[in-house]
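Structural description and commentary
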Amino acid sequence: MKQALSLAKLALGQVSPNPAVGAVVVKDGEVVGQGYTQPPGSWHAEVMALNQAGEKARGGELYVTLEPCSHYGRTPPCTKAIITAGISEVHMAMLDPNPLVCGQGENELEREDIKTHVGEHQDEAKQINESYIKYITTGVPFITAKFAVSLDGKIATEDGDSKWISGNEARNYSHYLRYTTDAIMVGANTIIDDDPHLTCRYGGKGGTAKKQPLRVIIDGKGRVPSTAQVFKELGDVLIVVGDVVESEKKKALKRVGAELLELPSDKGLVDLERLLKILGEREVTSVLVEGGGILLGSLFDRGLVDKVIAVIAPMIIGGSNAKTPVAGKGVEKVMDAIQLEGLSMEMYGKDLLVSGYVAKKE
């Protein structure tokens, strides 16, 4: 199963809205076939592994990180392929929460006298597909808040300089995060102050990956300049503007290739709940929010963040007016602060990366 989980990670960010799945076929203690989910419209992990195994699959065991599908979608059911291949046992790390599957795949295999086992390395399998699980059960994407701070909690100096708080290793990991997500989201101030490219440079020839995540810019007041670097890069840009933005500004943004989405706004803040629902309708399963403080604060205030990834650099910036990663209203009492659970910590060069999931309040 560990090998199947490693294969599943290879599909992360490349197969949405489908889950990232890995599969391994074993016969007489030997791996005879393996595979992982291909882009939508192509083969699922189970079929990839079975095709590689060929006749050796007959009488063998299949290890798969997610329950095989039992319904017709863009491709035929994987359960049919498993039955036809003559597999004798199927080991599933977890059941598929998709209402179209959700135990039906396991039941169909058992009706064909194929032994099934569920639960091996289930927690790791759930973590790999945390975005898919939320999306398929709620219809909205999984939201990760990511930021880099100094030891004293600053993301920039008083003058706005932020290059670079994190080191090379942590920045390279940030590009991996972009590679595994469907969309990057930032606020207008991030574009105006930093003029970032917001591209993924992980796994691409010439420094840029072929598949770029959707870049979502929250610009309630229409302040982002049409000359920004983000409009000159590969990939799609979605500008979310408020209903008070002038038509000439909208035309200027459209001329540089941006797609505009107009939403109701209050003092420049757009309806974020409505935005996430629309992104879900577009089959965006995961969003990596990279700032700034106003946007992150609004998301935290509304309880819309699922996961936090913070890079802590061993430096002191100081300054009472230096920027912090999360603004918004915040809480009145420390006892009401947002808590994280499922914490993990890892060193990237000199930087400490801390990640965890937002604890749901009872």
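Anything mentioned here points back to the structure above.
So, a few notes on the structure that sits alongside this text. (Residues numbered from 1 in each chain as written. Predicted model: local features only at pLDDT ≥ 70, side-chain atom pairs only at ≥ 80, totals over all residues. Heavy atoms only, no water.)

Concerning the packing of aromatic side chains
For the structure shown, the criterion picks out four aromatic pairs. With centroids separated by 5.1 Å and ring planes inclined at 70°, the aromatic side chains of Tyr176 and Tyr202 adopt a geometry described as edge-to-face. Separated by 26 residues along the polypeptide, Tyr176 in helix H7 (residues 168–179) and Tyr202 in the loop between helix H8 (188–194) and strand S8 (214–219) bring together distant segments of the chain. The class of Tyr176 is partly exposed, set by a relative accessible area of 24%. Of the residues examined, Tyr202 reaches a relative accessible area of 35% and is grouped as partly exposed. The ring of Trp164 has Lys163 sitting right over it, with the charged end atom 5.5 Å from the ring centre. (Phe/Tyr/Trp six-rings, centres within 6.5 Å; stacked < 30°, edge-to-face > 60°. Helix = DSSP H or I, 4+ residues; strand = E, 2+ residues; numbered from the N terminus. Buried < 20%, exposed > 50% of the residue type's maximum accessible area, 1.4 Å probe, protein only. Lys NZ or Arg CZ within 6 Å of the ring centre and 35° of its normal.)

Considering the pattern of salt bridges
Considering all chains together, one arrives at twelve salt bridges under this definition. Residue Lys9 is joined to Glu124 by a salt bridge in which the shortest nitrogen-to-oxygen separation is 3.5 Å. You can see Lys9 sitting in helix H1 (residues 2–9) and its partner Glu124 sitting in helix H5 (residues 122–128), a full 115 residues away along the chain. With a closest N to O distance of 3.6 Å, Glu248 and Lys251 form a salt bridge. Residue Glu248 and its partner Lys251 are both found in helix H9 (residues 247–255); the two are separated by three residues, about one turn of the helix. Sharing partners across several salt bridges, the network here consists of Lys134, Asp306 and Lys360. (Salt bridge = Lys/Arg side-chain N within 4 Å of Asp/Glu carboxyl O.)

What to know about the nonpolar core
By size, the foremost hydrophobic cluster in this structure holds 36 residues, and its most contacted members are Val25, Leu62, Ile82, Ile87 and Val90. Among the secondary structure elements, those contributing two or more residues to this core are H1, strand S1 (22–27), helix H2 (45–53), strand S3 (61–64), helix H3 (78–85), strand S4 (89–92) and H5. For Val90, the residues in contact, after removing those within four places along its chain, are Leu62, Val64, Ile82, Leu109, Ile114, Lys115, Thr116 and His117. Counting residues in hydrophobic clusters, the runner-up holds 32 residues, among them Leu275, Leu299, Phe300 and Val305. (Core = buried A, V, L, I, M, F, W, Y, C linked by side-chain atoms within 4.5 Å. Contact = heavy atoms within 4.5 Å.)

Focus on the packing of H2 against H3
Contact geometry for H2 and H3: axes closest at 9 Å, N-to-C directions at 20°. Relative to H3, H2 is oriented roughly parallel. Regarding H2 and H3, the two cross each other, and that crossing is left-handed. Residues Glu46, Val47 and Leu50 of H2 pack against Cys78, Ala81, Ile82 and Ala85 of H3. Here the residues of the contact of H2 with H3 sort into six nonpolar, no polar and one charged. (Axes fitted to C-alpha atoms, helices over the stretch in contact; angles between N-to-C directions. Parallel < 35°, antiparallel > 145°, perpendicular 65-115°, else oblique. Left-handed = near helix turned anticlockwise from the far one by under 90°. Nonpolar A, V, L, I, M, F, W, Y, C, P; charged D, E, K, R; others polar.)

Things to note about unusual backbone geometry
Both trends apply: most residues other than glycine have a negative phi, and most peptide bonds are in trans. The omega torsion across Ser16 and Pro17 is 10°, close enough to zero to call that bond cis. Omega for the peptide link from Lys163 to Trp164 comes to -10°, which places this bond in the cis form. For Trp164, the position within the fold is in the loop between strand S6 (142–150) and H7. Even without a glycine there, the phi angle at Glu283 is positive, about 65°. As for its placement among the helices and strands, Glu283 is situated in the loop between helix H10 (272–281) and strand S13 (286–289). Classification of Glu283 as partly exposed rests on a relative accessible area of 36%.

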